Amino acid sequence: MHIVGLLGWWYTGGLKTALTRVFDRLANLFDYFSIDILLRTLFAPFRQISAGKVRGPIGVQLRAFVDRLISRIIGAIVRSMIIVIGIVAILFAVLLGVLYVVVWLAAPALPVVGLSLMAVGWIPWHL
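Bear in mind the structure is a predicted one, so any value in this text is a computation, not a measurement. (Residues numbered from 1 in each chain as written. Predicted model: local features only at pLDDT ≥ 70, side-chain atom pairs only at ≥ 80, totals over all residues. Heavy atoms only, no water.)

This paragraph deals with the environment of Val84. If you trace the backbone, Val84 turns up in helix 3 (residues 58-106). Taking C-alpha positions, Val84 is 47 Å from Met118, a pair spaced 34 residues apart along the chain. (Helix = DSSP H or I, 4+ residues; strand = E, 2+ residues; numbered from the N terminus.)

To continue, consider the packing of aromatic side chains. Taken as a whole and judged by the stated rule, the model has five aromatic pairs. With 4.0 Å between their ring centres and 5 degrees between their planes, Trp10 and Trp104 make a pair best called stacked. Placement of Trp10 in helix 1 (residues 2-33) and of Trp104 in helix 3 is noted, with a sequence separation of 94 residues between them. Given the relative accessible area of 18%, Trp10 is considered buried. An aromatic cluster is present here, built from Trp9, Trp10, Tyr100 and Trp104 joined pairwise through their rings. The ring of Tyr100 carries Arg25 above its face, with NZ or CZ at 5.7 Å from the centroid. (Phe/Tyr/Trp six-rings, centres within 6.5 Å; stacked < 30°, edge-to-face > 60°. Buried < 20%, exposed > 50% of the residue type's maximum accessible area, 1.4 Å probe, protein only. Lys NZ or Arg CZ within 6 Å of the ring centre and 35° of its normal.)

What follows concerns the nonpolar core. If you look at soluble globular proteins, the nonpolar side chains tend to sit buried side by side. Listed in full, the eight residues of the largest apolar core are Trp10, Leu15, Ala18, Val22, Leu26, Ala93, Val101 and Trp104. Counting only elements with at least two residues in this core, the list comes to helix 1 and helix 3. Among the elements that take part in this core, helix 1 stands out by supplying five residues, more than any other. Look past the residues within four positions of Trp104 in its chain and what remains in contact with it is Trp9, Trp10, Gly14, Leu15 and Ala18. (Core = buried A, V, L, I, M, F, W, Y, C linked by side-chain atoms within 4.5 Å. Contact = heavy atoms within 4.5 Å.)

Bringing unusual backbone geometry into the picture now. Non-glycine residue Ser34 carries a positive phi angle of around 45 degrees. Residue placement: Ser34 occurs in the loop between helix 1 and helix 2 (35-40).

Attention now moves to the side chain of Arg79. Relative to the helices and strands, Arg79 is located in helix 3. Lacking a salt bridge, the buried Arg79 has Asp36 as its closest oppositely charged neighbour, with an N-O distance of 11 Å. The contacts of Arg79, once residues within four sequence positions are left out, are Leu38, Thr41, Leu42, Ala44, Pro45 and Phe46. (Lys, Arg positive; Asp, Glu negative; His and termini not counted. Salt bridge = Lys/Arg side-chain N within 4 Å of Asp/Glu carboxyl O.)

Residues Leu62, Phe65, Val66, Leu69, Ile70, Ile73, Ile74, Ile77, Met81 and Ile85 make up a contiguous nonpolar surface patch of about 910 Å² in total accessible area. Within the secondary structure, Ile73 is located in helix 3. A relative accessible area of 44% places Ile73 in the partly exposed class. (Patch = residues over 30% accessible without salt bridge, like charges linked within 9 Å, V, L, I, M, F, W, Y side chains within 5 Å. Areas by Shrake-Rupley, 256 points an atom, 1.4 Å probe, with all protein chains shown as cover.)

With 32 residues, helix 1 should reach 46 Å at 1.5 Å per residue; the first-to-last C-alpha distance of 44 Å fits that figure. At Trp10, helix 1 shows its largest kink, close to 40 degrees. Residues of helix 1 that are buried include every one of Trp10, Gly14, Leu15, Ala18, Val22, Leu26 and Phe33, and no others. Tucked into the core, helix 1 has its buried residues touching helix 2 and helix 3. A positive backbone phi angle near 45 degrees is found at Ser34, which sits one or two residues after helix 1. (Expected span 1.5 Å × (residues − 1). Bend = angle between axes of the 7 residues up to and from the residue.)

Interaxial distance between helix 1 and helix 3 falls to 10 Å at its minimum, and their mutual angle equals 175 degrees. One finds that helix 1 runs roughly antiparallel with respect to helix 3. Here the residues of the contact of helix 1 with helix 3 are counted per class, giving 21 nonpolar, three polar and one charged. (Axes fitted to C-alpha atoms, helices over the stretch in contact; angles between N-to-C directions. Parallel < 35°, antiparallel > 145°, perpendicular 65-115°, else oblique. Nonpolar A, V, L, I, M, F, W, Y, C, P; charged D, E, K, R; others polar.)

In structure tokens:
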């Protein structure tokens, strides 16, 4: 009776908890990297204190334009790198999550499989 109760929990409440953990990890990664915000602000100035209008001679205005342009290029490069790293991290987390759930689903059967292989005399290093 205890085995039936354990298996009942394993494939209902336990599986739900395992899936919740996987989705929580993915949600945390999405929040950590904020790829949607990075995409929206891809060409925004990067850490520039004054990116507003500049009044004055043409040389001052040209310098301000070049400063803003360089700041936007640096911002795009940094944000692009973070987006790529975030996508790789999220894909890696998805693969690990799928593996975690597959192992979770297979774990109760592993002792039975091991006992069956032992009964037939199978040894892993003697293929």
